[in-house]
Amino acid sequence: MYDLERIIIIGGGPTGLAAAIRLAQNNKLSPIIYELRNPGTASLGGSLGIPANGVRVLHRLGLWDSILPRSVDIAKNVVHSTSGSVLNEVDVASEAKNQTGFGYIRINRVDLVQCLRDATQEYDIPIHYDKQIQSIDDLGDSVTVTFTDGTSDTGSLLLGCDGIHSSVRRIHVDAEIAPEYSGISAISSIVDDVTNRDPRDTTSLHSTLTPHGMLATAPCAANQIFWFFSKEVPLPQGSGSVDVRDGWMLHRQNELADCRNSLSNVLDCVQGKWGKYLRQLVDASQDVHFYPHYRIPLGGRWFVSSDNPQGSPRVLLLGDAAHAVQPHAGQGVAMALEDVILLSGLLVQYQDGDHASLQGVFDRFDQIRRPRIQRINEVAMRNGRMRRNQSPWAVWCKEWYMWTMLRINRFWGMSMSGVLNGDVLYDVEKELKQVKPTELN
Ligand SMILES: Cc1cc2nc3c(=O)[nH]c(=O)nc-3n(C[C@H](O)[C@H](O)[C@H](O)COP(=O)(O)OP(=O)(O)OC[C@H]3O[C@@H](n4cnc5c(N)ncnc54)[C@H](O)[C@@H]3O)c2cc1C
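- If you look the chain up in an unreviewed UniProt entry, it shows as FAD-binding domain-containing protein from Penicillium cosmopolitanum.
- Recorded in UniProt under Sequence similarities (unreviewed entry), the annotation for the chain is "Belongs to the paxM FAD-dependent monooxygenase family."

This is the structure in structure tokens:
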């Protein structure tokens, strides 16, 4: 029954690092991480928002003390019209804090990864960098991974935490599933905040919807500001369907230049102090990054039967490798962290003899996670559509609606929370309590 010990984790991003920590901490297992890139490339990825459901998991992983000084606590989202006036102020944290004890934070990806890496050291979890996988052999009672440098490793379980372009998925689990483009891309940058803002503003997000995309800013720790311009961008000509990443790499400079031009036109239309402030930020930006937003289509496999019919599957996808959603729900990291807590809890039950095999564990994992991922995917797609090109009239109607709602809600003294819903109150540990033992052989 209890045949787990050495756990091979492919990918040292948020999912792989969090999985390693949790499995060492909660299951007393021995994880080992293999990462494709070298340690210096953790700087990829800009700034991330993590809502209450994800912050709760960071607490449970024991990371709060290291996350706190590197993150900012966000209180509200201020929505501006293109004329620069404030249309609406949406409280993004109070209700979640009241109900769960956790709010909404923002943290740079580089800092999140560093906090997680520091924690792996506390548990003596080795991380091997510059490792590219070549093949995976699932023998039913163990799994062996071979790398392109000729080395290999064998463990009792392999977790594919290697992100949206996962090699574990392509080589072993589900070669038919490929990331699909959402139609939306963004340019963004993190800059030192040179303006003398009102100190209360260091807890606010700001955004404006325009006929040609959405502009937004978010505070980061260390007096920096993250801004992005998110808009509809067609797939580049000739990118084909073979390797979308190569298509974007070839065209990235053109796309970046086009986005910058279109940003400049959009900025000309945003007026008032807010418009001026945005212009200042964009002008001060040195490194501007371009990200086309992809997602993994729903319905793909997260594990496959073992090559040995007598054995149990030994390879499972987690995080973006299994179910990347386009980033417009701001739930990518939280979904990955929930995966980790659920898997670890199910493995504790397996270690206690409540499930006959890893097949039972993986089946339960799949049943519990699918509906949640589907729901978050729908939210992300709906939010993404807001960024598509639309007529000035459509934008005007939306602005008018938001302005009216603000006044009506104020008149009735109602909460301004527009984002609170079950998604951020969700507690994955509650699911675990309802899991019944699978039939023992
Ligand atoms: C522009 C943008 C904005 C986003 N904003 C937010 C946000 O505000 N909030 C939020 O929660 N989420 C956001 N996300 C999503 C979030 O970044 C991901 O959901 C999250 O990083 C998933 O973590 P992961 O570890 O599964 O994958 P990744 O972060 O992609 O990490 C995968 C790791 O595996 C490594 N790897 C890849 N291939 C291999 C291989 N073959 N072998 C070994 N290692 C490999 C990679 O180098 C990387 O270190 C955003 C994403 C984008 C693109």
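## Here's the deal with the overall build of the chain
For step 1, the next point in the chain: Scanning the chain for helices and strands turns up 14 helices and 18 strands.
For step 2, the next point in the chain: Burial status across the chain gives 55% buried among its 441 residues.
For step 3, the next point in the chain: The long-range share in the chain, meaning contacts at least 24 apart out of those at least 6 apart in sequence, stands at 77%.
For step 4, the next point in the chain: Of the accessible surface of the chain, which amounts to about 19,900 Å², a share of 51% is contributed by carbon and sulfur atoms.

## Details of the site of the ligand
For step 1, the next point in the chain: Residues in close proximity to the ligand total 27 residues, the closest being Thr15, Glu35, Arg37, Arg109 and Val333.
For step 2, the next point in the chain: Within the backbone of Leu36, an N or O atom sits 3.0 Å from a nitrogen atom of the ligand.
For step 3, the next point in the chain: At a separation of 2.6 Å, an oxygen atom of the ligand approaches a polar side-chain atom of Arg37.
For step 4, the next point in the chain: The protein chains hide 84% of the 1,000 Å² of surface that the ligand would expose on its own.

## Examining the pattern of salt bridges
For step 1, the next point in the chain: Tallied over the full model, the rule gives 19 salt bridges.
For step 2, the next point in the chain: A salt bridge links Asp423 to Arg375; the nearest nitrogen and oxygen atoms lie 3.0 Å apart. Of this pair, Asp423 sits in helix H13 (residues 422-425) while Arg375 sits in helix H11 (residues 358-385), and the two are 48 residues apart along the sequence.
For step 3, the next point in the chain: You can call Asp423 buried: its relative accessible area is 8%.

## Examining the sheet that holds strand E10 (residues 143-147)
For step 1, the next point in the chain: The strand order across the open sheet built from three strands is E9-E10-E11, with neighbouring strands paired in antiparallel fashion. Of all strands in the sheet, those with a lone pairing partner are strand E9 (133-138) and strand E11 (152-155), marking the two edges. Ignoring which end each strand starts from, the neighbouring axes of this sheet average 15 degrees apart.
For step 2, the next point in the chain: One ladder, built from four bridges, connects E10 with E11; its direction is antiparallel. Bridge pairing links Val143 to Gly155 in E11.

## Here's the deal with the sheet that holds strand E8 (residues 127-128)
One key point about sheets: their strands pair by backbone hydrogen bonds, in either a parallel or an antiparallel sense.
For step 1, the next point in the chain: Across the sheet, which stays open at both edges, the five strands sit in the order E8-E2-E1-E12-E18 with parallel pairing between neighbours. Looking along the sheet, the strands with just one partner apiece sit at the ends: E8 and strand E18 (315-317).
For step 2, the next point in the chain: Sheet topology note: the strand E1 (residues 6-10)/strand E2 (residues 30-34) ladder contains five bridges and is parallel. Bridge pairing in E2 links Ile9 to Ile33.
For step 3, the next point in the chain: Strands E1, E2, E8 and strand E12 (157-160) of the sheet are contacted by helix H1 (residues 14-27), whose axis makes an angle of about 165 degrees with E2.

## Here's the deal with the nonpolar core
For step 1, the next point in the chain: Ile10, Ile67, Leu158, Leu159, Val168 and Leu316 are the most contacted members of the largest nonpolar core, which has 78 residues in total.
For step 2, the next point in the chain: Ranked by residue count, the leading element in this core is helix H10 (residues 332-351), at ten residues.
For step 3, the next point in the chain: When neighbours within four sequence positions are excluded, Ile67 is seen to be in contact with Leu58, Ile105, Ile107, Leu112 and Cys115.
For step 4, the next point in the chain: Counting residues in each nonpolar core, the second largest holds 26 residues, with Trp227, Cys259, Leu263 and Leu278 among its members.

## Details of unusual backbone geometry
For step 1, the next point in the chain: With a phi close to 55 degrees, Asp124 is a non-glycine residue in the positive phi region.
For step 2, the next point in the chain: Note that Asp124 resides in the loop between helix H5 (109-122) and E8.
For step 3, the next point in the chain: Positive phi values are uncommon outside glycine, yet Ala222 reaches one of about 60 degrees.
For step 4, the next point in the chain: By the element assignment, Ala222 lies in the loop between strand E15 (213-220) and strand E16 (224-232).

## A short note on the environment of Gly360
For step 1, the next point in the chain: When you line up the elements, Gly360 lands in helix H11.
For step 2, the next point in the chain: Given a relative accessible area of 8%, Gly360 falls into the buried group.
For step 3, the next point in the chain: On a C-alpha basis, the gap between Gly360 and Pro313 in space is 9.7 Å, while along the polypeptide they are 47 residues apart.

## Side note on the packing of H1 against H10
For step 1, the next point in the chain: Between H1 and H10, the least distance of the axes is 9 Å, while the angle of their chain directions is 30 degrees. Judged by the inter-axis angle, H1 sits roughly parallel to H10. Every pair of crossing elements has a handedness; the one defined by H1 and H10 is right-handed. Along the contact surface, H1 presents Thr15, Ala18, Ala19, Arg22, Leu23, Asn26 and Asn27, while H10 presents Ala336, Leu337, Val340, Ile341, Ser344, Gly345, Leu347, Val348 and Gln351.
For step 2, the next point in the chain: Partitioning the contact of H1 with H10 into residue classes produces nine nonpolar, six polar and one charged.

Criteria and cut-off values
Residues take numbers from 1 onward in each chain, read along the sequence in its written order. Owing to the predicted nature of the model, reporting of local features is limited to residues with pLDDT of at least 70; listing and counting of side-chain atom pairs is limited to 80 or more, with chain, interface and lining totals taken over all residues. Excluding hydrogens and water, the side-chain figures rest on all heavy atoms present in the structure. UniProt positions are given in the numbering used here, feature names are shortened, and annotations may be inferred rather than shown by experiment. Helix and strand assignments follow DSSP, with helices taken as H or I runs no shorter than four residues and strands as E runs no shorter than two, numbered in order from the N terminus. When accessible area is computed with a 1.4 Å probe and restricted to protein chains, residues below 20% of their type maximum are described as buried, those above 50% as exposed, and intermediate ones as partly exposed. The contact rule is simple, with two residues in contact once any of their heavy atoms fall within 4.5 Å. Values of accessible area rely on a 1.4 Å probe in the Shrake-Rupley scheme; residue burial ignores everything except the protein chains shown. Proximity is defined per residue: if any heavy atom of the residue lies within 4 Å of a molecule or strand, that residue is considered near it. Within 3.5 Å is the distance limit for a polar contact, defined as a pair of N or O atoms, with the added protein rule that one can donate a hydrogen and the other accept it, and that residues adjacent in sequence qualify only through two side-chain atoms. Salt bridges are defined as contacts in which a side-chain nitrogen from Lys or Arg sits within 4 Å of a carboxyl oxygen from Asp or Glu. In this description, strands pair whenever DSSP reports at least two bridges between them. Here the axes come from fitting lines to C-alpha atoms, over the contacting stretch only for helices, and the angles between their N-to-C directions go from 0 to 180 degrees. To define a nonpolar core, start from buried Ala, Val, Leu, Ile, Met, Phe, Trp, Tyr and Cys residues and group those joined through side-chain atoms within 4.5 Å. If an angle is under 35 degrees, it is roughly parallel; if it is over 145, roughly antiparallel; if it lies from 65 to 115, roughly perpendicular; otherwise it is oblique. Should the near helix be turned counterclockwise from the far one by less than a right angle, the crossing is left-handed, whereas a clockwise turn marks it as right-handed. Gly counts as polar in this scheme, as do all residues outside two lists: the nonpolar Ala, Val, Leu, Ile, Met, Phe, Trp, Tyr, Cys and Pro, and the charged Asp, Glu, Lys and Arg.

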